[in-house]
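# Descriptive structure summary
Each chain is listed here by its residues.
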Amino acid sequence: DQQVKQNSPSLSVQEGRISILNCDYTNSMFDYFLWYKKYPAEGPTFLISISSIKDKNEDGRFTVFLNKSAKHLSLHIVPSQPGDSAVYFCAASEGIQGAQKLVFGQGTRLTINP
Amino acid sequence: NAGVTQTPKFRILKIGQSMTLQCTQDMNHNYMYWYRQDPGMGLKLIYYSVGAGITDKGEVPNGYNVSRSTTEDFPLRLELAAPSQTSVYFCASSYKYNEQFFGPGTRLTVL
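Anyway, here's the lowdown on the structure attached to this text. (Residues numbered from 1 in each chain as written. Chains lettered and ligands numbered in written order. Predicted model: local features only at pLDDT ≥ 70, side-chain atom pairs only at ≥ 80, totals over all residues. Heavy atoms only, no water.)

## Details of the nonpolar core
Residues and elements named next belong to chain A. Of all hydrophobic cores here, the largest spans 24 residues; its most connected members are Val-4, Phe-33, Trp-35, Leu-73, Leu-75 and Tyr-88. It is strand E9 (residues 86-93) that contributes the most residues to this core, 4 residues altogether. Setting aside chain neighbours within four positions, we find Val-4 in contact with Cys-23, Asp-24, Tyr-25, Phe-30, Cys-90, Ala-92, Val-103, Phe-104, Gly-105 and Gln-106. (Core = buried A, V, L, I, M, F, W, Y, C linked by side-chain atoms within 4.5 Å. Buried < 20%, exposed > 50% of the residue type's maximum accessible area, 1.4 Å probe, protein only. Helix = DSSP H or I, 4+ residues; strand = E, 2+ residues; numbered from the N terminus. Contact = heavy atoms within 4.5 Å.)

Now the structure itself:
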């Protein structure tokens with residue numbers, strides 16, 4: 001039973017445009033969410049997080065939106081750059097205190113085309 | 001700082017062999033984790049530790065053992081390797097509940 005789902009295995013976006021990556025979750029106890037980025041042959045690196053007390057968190061070109069009623073979150077990258085080409089993982093936990101037990105989605109491979 | 005280092009980078013095991021995947025961090029983080037990532041899947045937590053001498057099971061602990069005798073090291077032991085343990089293994093560390101820092105991974109194949 002997949003508690004965190006990223007239904008798009010891949011996404012291709014033109015350089016300079018907006019990239020939108022989506023993530024759905026089923027466990028209503030999840031209230032802390034993170035996005036990680038992964039390049040080939042490297043470990044994931046943390047991008048941005050959001051707690052359920054917010055519906056939006058912004059950090060430079062990256063914004064995460066959370067829709068609790070729909071159990072859905074999305075990562076927006078504006079403008080997209082070639083260096084953003086990577087696999088993006090959504091992760092969730094039961095509160096920030098539970099962040100030692102993250103549940104990851106399957107990942108979305110983002111390709112930014114020049 | 002080297003961050004989180006993992007050895008070896010690659011390993012091929014025969015069924016029934018055992019091995020230890022090494023993980024070391026130099027950030028003085030109390031929390032450390034072991035994940036596995038199967039092809040096309042997300043990371044799954046195997047074991048984690050909130051400090052030296054304290055470990056707990058994650059989502060997929062069967063077939064693995066861990067120990068944490070120092071803050072820096074968190075080795076993962078496979079006792080009887082099986083083909084189902086073919087995967088990429090990632091170690092991570094964090095300061096309490098903050099972001100986790102990952103190592104580069106160990107690619108293990110069991111034949």
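## Thoughts on the sheet that holds strand E1 (residues 4-7) of chain B
Residue and element names in this part refer to chain B. On the basis of which strands lie adjacent, the open sheet formed by 4 strands has the order E1-E3-E8-E7 and antiparallel pairing. Sheet topology places E1 and strand E7 (64-66) at the edges, where each strand pairs with a single neighbour. Strand-to-strand, the axes of this sheet are offset by a mean angle of 20°, without reference to chain direction. Two elements, E1 and strand E3 (residues 19-25), share 4 bridges in a ladder whose sense is antiparallel. Bridging from a neighbouring strand, Gln-6 pairs with Cys-23 of E3. (Pairing = 2+ DSSP bridges. Axes fitted to C-alpha atoms, helices over the stretch in contact; angles between N-to-C directions.)

## Digging into a nonpolar patch on the surface
Where nonpolar side chains cluster on the molecular surface, the patch consists of Ile-18, Ile-20 and Val-78 of chain A and spans about 220 Å² of accessible area. On the secondary structure map, Val-78 of chain A appears in the loop between strand E8 (72-77) and E9. (Patch = residues over 30% accessible without salt bridge, like charges linked within 9 Å, V, L, I, M, F, W, Y side chains within 5 Å. Areas by Shrake-Rupley, 256 points an atom, 1.4 Å probe, with all protein chains shown as cover. Salt bridge = Lys/Arg side-chain N within 4 Å of Asp/Glu carboxyl O.)

## Brief notes about the packing of aromatic side chains
Taken as a whole and judged by the stated rule, the model has 10 aromatic pairs over all chains. Both rings, one in Phe-104 of chain A and one in Tyr-35 of chain B, keep their centres 5.6 Å apart while their planes meet at 85°; by these two values the pair is edge-to-face. Taken as a pair, Phe-104 of chain A in strand E10 (residues 103-104) and Tyr-35 of chain B in strand E4 (residues 31-37) lie in two separate chains rather than in one. For the pair Tyr-35 of chain B and Phe-102 of chain B, a centre-to-centre distance of 5.5 Å together with 40° between the ring planes defines the contact as tilted. With Tyr-35 of chain B in strand E4 and Phe-102 of chain B in strand E10 (residues 101-102), this residue pair connects regions lying 67 residues apart in the sequence. For the pair formed by Tyr-35 of chain B and Phe-102 of chain B, the shared burial category is buried. (Phe/Tyr/Trp six-rings, centres within 6.5 Å; stacked < 30°, edge-to-face > 60°.)

## Examining the state of the cysteines
Evaluation of the coordinates by the stated rule reveals 2 disulfides over all chains. For Cys-23 of chain A, the disulfide goes to Cys-90 of chain A, at an S-S distance of 2.0 Å. Across the S-S bond of Cys-23 of chain A and Cys-90 of chain A the torsion is about -70°, and the bridge reads as left-handed. You can see Cys-23 of chain A sitting in strand E3 (residues 19-25) and its partner Cys-90 of chain A sitting in strand E9, a full 67 residues away along the chain. What makes Cys-23 of chain A buried here is its relative accessible area of 0%. Its relative accessible area of 0% is what places Cys-90 of chain A among the buried residues. Here Cys-23 of chain B is linked by a disulfide to Cys-91 of chain B, with a sulfur-sulfur distance of 1.8 Å. On the sign convention where negative is left-handed, the bridge of Cys-23 of chain B and Cys-91 of chain B, at about -70° about the S-S bond, is left-handed. (Disulfide = S-S within 2.5 Å.)

## Observations concerning unusual backbone geometry
The omega angle of the peptide bond from Val-78 of chain A to Pro-79 of chain A is -15°, so this bond is cis rather than trans. On the secondary structure map, Pro-79 of chain A appears in the loop between E8 and E9. At the junction of Thr-7 of chain B and Pro-8 of chain B, the peptide bond is cis and its omega measures out at -5° in the coordinates. With respect to the helices, strands and loops of the structure, Pro-8 of chain B is situated in the loop between E1 and strand E2 (10-13). Phi at Lys-71 of chain A takes a positive value of approximately 55°, unusual for a residue other than glycine. Positionally, Lys-71 of chain A belongs in the loop between strand E7 (62-67) and E8. One non-glycine residue with positive phi stands out, namely Asn-28 of chain B, at about 60°. Turning to its location among the elements, Asn-28 of chain B is positioned in the loop between E3 and E4. The exposure class assigned to Asn-28 of chain B is exposed, which follows from its relative accessible area of 59%.

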